[in-house]
Amino acid sequence: MVSQVACKTPLKSFRRFQSSDVDEAQDIVARHFCSHRLERNSAKDRFDACQNRVAGHGVSLNYIRYGADVTIEPGELSNFYLIQIPLAGTALVKNGCQTVEANATTGSVLNPDRLTSMRWHAGCEQLLVQVDRNYLQDVATNLAGLSSDCSLRFKPSIDLRKPALSNWFKSVRAAVKAAEDGAVFQSPDGPLQRHLEEGLVTAFLEAQPNTLSPLLKRSEGQTVPAILKRSLAFINDRFAENISLLDICIHAGTTPRNLQLVFRRELGCSPIQCLQNVRLGFARHLLLSGDLERSVSDIADQSGHRHLGRFSVAYKKRYGETPRATTRSRQYC
């Protein structure tokens, strides 16, 4: 959980600007993020804008405050995702159709393809993790085992009370300290920097609900037999096709009986159950991605299901709701 108590200003040695001029603050912040409208909501507040920033290959760490109560309207961010964690004060953040009341226990993530508007209340200070859109997309598709890009959108509200997200934020604070100590963000293409950025992005993808979450839960165990690796690679590449158990066996180079034994021992399911889980996970990803013009039958077919009725039954059994209910939830809209 984030503690909103007085503390040392993060990244102070990486200050980009400090200004009491609204136009100057708007211009400088826009250089690092994107064009936006910045407007004071009260002439009584003391406007004291400040940004500290350190940038790596695909990730940058930022500390920003405005002092006064301000409205910020960047529209669509387009080229990056922005994760915002309040260190002090509160903010009201709207991304797409979702509104987040950001505070000590709730952060926000801005999806680049959704309109954004924000109100940072007086005294709000936030730590921001900016992630290049293409970089995050590459990490996500590799992690999900996909060979092509898929739409990636996060739930805008970050619940910092959840252990996985609380631990992720601790990792961000550790990265800030490491940057302040000169251990990272010195060589953007160095192995330590790559490890840091991949770790932060991977952990966030796994902890924060998103449209690829159903595809990121493919456990392979610690030491994976070569037969299982080949089988899973074949399933992940060909799940949308009409493949059979024998097809998987031929690709893996083993017998049906032995393949069944390996899957049961390592994953606790049969090869066909694994195939079905991958298909259902991909279908859920498509349903969550928010293309409301795409029919459920099209999504069933695209994810390898040839019978709509059986697909709906299997989907509800796995996720506790019908495919149509998933599209209506629009939590990633």
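Residues numbered from 1 in each chain as written. Predicted model: local features only at pLDDT ≥ 70, side-chain atom pairs only at ≥ 80, totals over all residues. Heavy atoms only, no water.

Enquirer: Looking at this model, I keep getting lost on unusual backbone geometry. Mind explaining?
Expert: With the exception of glycine, the majority of residues adopt a negative phi angle, and the majority of peptide bonds are in the trans configuration. For L11, which is not glycine, the phi dihedral falls at a positive 60°. Phi at S78 takes a positive value of approximately 70°, unusual for a residue other than glycine. Along the polypeptide, S78 turns up in the loop between β5 (70–75) and β6 (80–88). The exposure class of S78 is partly exposed, given its relative accessible area of 34%. (Helix = DSSP H or I, 4+ residues; strand = E, 2+ residues; numbered from the N terminus. Buried < 20%, exposed > 50% of the residue type's maximum accessible area, 1.4 Å probe, protein only.)

Enquirer: Could you clarify how one ought to interpret empty space enclosed by the protein in this entry?
Expert: Empty pockets left among the atoms are what a rolling probe the size of a water molecule brings to light. For the coordinates displayed, the defined rule picks out three cavities of 30 Å³ or more. What the largest cavity holds in volume is close to 150 Å³. In this structure, the largest cavity is lined by 15 residues; those nearest its centre are V29, F33, I72, L82 and M118. Mapped by element, the contributors of at least two residues to the lining of the largest cavity are β5, β6 and β10 (116–120). Partitioned by chemical class, the residues of the lining of the largest cavity number 13 nonpolar, two polar and no charged. (1 Å grid on protein atoms, 1.4 Å probe; cavity = no way out; pocket = protein on both sides within 12 Å on 5 of 7 lines; lining within 4 Å. Points joined across faces, edges and corners; volume = space filled by probe spheres on them. Nonpolar A, V, L, I, M, F, W, Y, C, P; charged D, E, K, R; others polar.)

Enquirer: Please explain the sheet that holds strand β12 (residues 157–159) as it appears in this structure.
Expert: Paired through backbone hydrogen bonds, the strands of a sheet run either parallel or antiparallel to each other. Taken in spatial order, the seven strands line up as β1-β3-β4-β11-β6-β9-β12 in an open sheet, and their pairing is antiparallel. Each end of this open sheet is capped by a strand with a single partner; those strands are β1 (15–19) and β12. Within this sheet the neighbouring strands show an average axis-to-axis angle of 20°, counted without direction. Both strand β4 (residues 59–65) and strand β11 (residues 125–132) contribute to a ladder of seven bridges, which runs antiparallel. Bridging from a neighbouring strand, S60 pairs with Q130 of β11. Sheet strands touched by helix α2 (residues 133–144): β4, β6 and β11. Its angle to β11, the strand with the most contacts, is close to 70°. Docked against the sheet, helix α3 (residues 163–180) engages β3 (49–55), β4, β6, β11 and β12, running at close to 90° with respect to β11. (Pairing = 2+ DSSP bridges. Axes fitted to C-alpha atoms, helices over the stretch in contact; angles between N-to-C directions. Contact = heavy atoms within 4.5 Å.)

Enquirer: Hey, could you run me through the packing of aromatic side chains in this one?
Expert: Each aromatic ring pair is specified by the distance between its two centres and by the angle formed by the two planes. By the definition in use, this model includes nine aromatic pairs. Ring geometry for F154 and F204: centres 5.1 Å apart, planes at 50°, overall tilted. Placement of F154 in the loop between α2 and β12 and of F204 in helix α4 (residues 191–207) is noted, with a sequence separation of 50 residues between them. The two residues F154 and F204 agree in class, both being buried. Where F311 meets Y315, the ring centres are 5.8 Å apart and the plane angle is 55°; that geometry is what we call tilted. Here Y315 and F311 lie together in helix α10 (residues 308–319), a separation of four residues that amounts to about one turn. Classification of F311 as buried rests on a relative accessible area of 1%. Connected via pairs of aromatic rings, a cluster forms that spans Y81, F154, W168 and F204. The ring centre of F33 lies 5.7 Å from the NZ or CZ of R53, which sits over that ring. The aromatic ring of Y319 is capped on one face by R284, whose charged end is 4.5 Å from the ring centroid. (Phe/Tyr/Trp six-rings, centres within 6.5 Å; stacked < 30°, edge-to-face > 60°. Lys NZ or Arg CZ within 6 Å of the ring centre and 35° of its normal.)

Enquirer: Just checking my understanding: could you explain the packing of helix α5 (residues 226–238) against helix α6 (residues 245–252) for this structure?
Expert: Angle between the axes and distance between the axes are the two parameters that describe a pair of packed helices. Where α5 contacts α6, the axes come no closer than 8 Å and their chain directions differ by 130°. One way to sum up the angle between α5 and α6 is to call them oblique. Viewed along their axes, α5 and α6 form a crossing whose handedness is right-handed. Contacts between α5 and α6 involve I227, R230, S231, F234 and I235 from the former and D247, I248, H251 and A252 from the latter. Across the contact of α5 with α6, the residue classes tally to five nonpolar, two polar and two charged. (Parallel < 35°, antiparallel > 145°, perpendicular 65-115°, else oblique. Left-handed = near helix turned anticlockwise from the far one by under 90°.)

Enquirer: What is the right way to read the layout of surface pockets from this model?
Expert: Put simply, the second largest pocket is a space of about 190 Å³. Looking at the lining of the second largest pocket, the elements that each hand over two or more residues are α8 (271–288) and α10. In terms of residue class, the lining of the second largest pocket is made up of one nonpolar, five polar and four charged.

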